[in-house]
Amino acid sequence: MDFIAHITVGHVISAFLVCVLLREILITVADFLPDSLAGPNGWMIDTSDDLGKND
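Attention in this report is confined to the structure presented alongside it. Along each chain, residues carry numbers from 1 onward, in the same order as the chain's sequence is written. Residues qualify for local features only when their pLDDT is at least 70, as the model is predicted, and side-chain atom pairs are given and counted only at 80 or more; totals for whole chains, interfaces and linings, by contrast, use all residues. Processing note: side-chain calculations cover all non-hydrogen atoms of the structure and skip hydrogens and water entirely.

## Describing the overall build of the protein
Put simply, the rule reads: Labels follow the DSSP assignment, with helices taken as runs of H or I lasting at least four residues and strands as runs of E lasting at least two, numbered in each case from the N terminus. Relative accessible area decides the class of each residue, using a 1.4 Å probe on protein chains only: under 20% of the type maximum gives buried, over 50% gives exposed, and in between gives partly exposed. Using the Shrake-Rupley algorithm and a 1.4 Å probe, accessible areas are obtained, with residue cover drawn only from the displayed protein chains.
Counting secondary structure elements, the protein contains three helices and zero strands. Secondary structure elements of the protein occur, N-terminal to C-terminal, as α-α-α. For the protein, with 55 residues in total, the buried portion stands at 11%. Total accessible area on the protein stands at roughly 5000 Å², and carbon and sulfur atoms take up 66% of it.

Dropping the structure here:
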């Protein structure tokens, strides 16, 4: 459990910013990918509105 003592506020902020940056990159890339990858029921990014429904 010593590794937890070495986590700083800077590490937490950096991790949060990296997650936000990756999310924004994926949203931007999704505009250029075909629907089979990043469209409704897409393989990598599912942009359908019926999330959570199993049809």
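## Observations regarding a nonpolar patch on the surface
Here is the rule we go by: For patches, a residue must show more than 30% relative accessible area and have no salt bridge; joins then use 9 Å for like charges and 5 Å for nonpolar side chains, namely Val, Leu, Ile, Met, Phe, Trp and Tyr. Here, a salt bridge means any side-chain nitrogen of Lys or Arg that lies within 4 Å of a carboxyl oxygen of Asp or Glu.
Together, Met1, Phe3, Ile4, Ile7 and Val12 give the surface a local cluster of nonpolar side chains, amounting to about 570 Å² of exposed area. Structurally, the position occupied by Ile4 is in helix H1 (residues 2-5).

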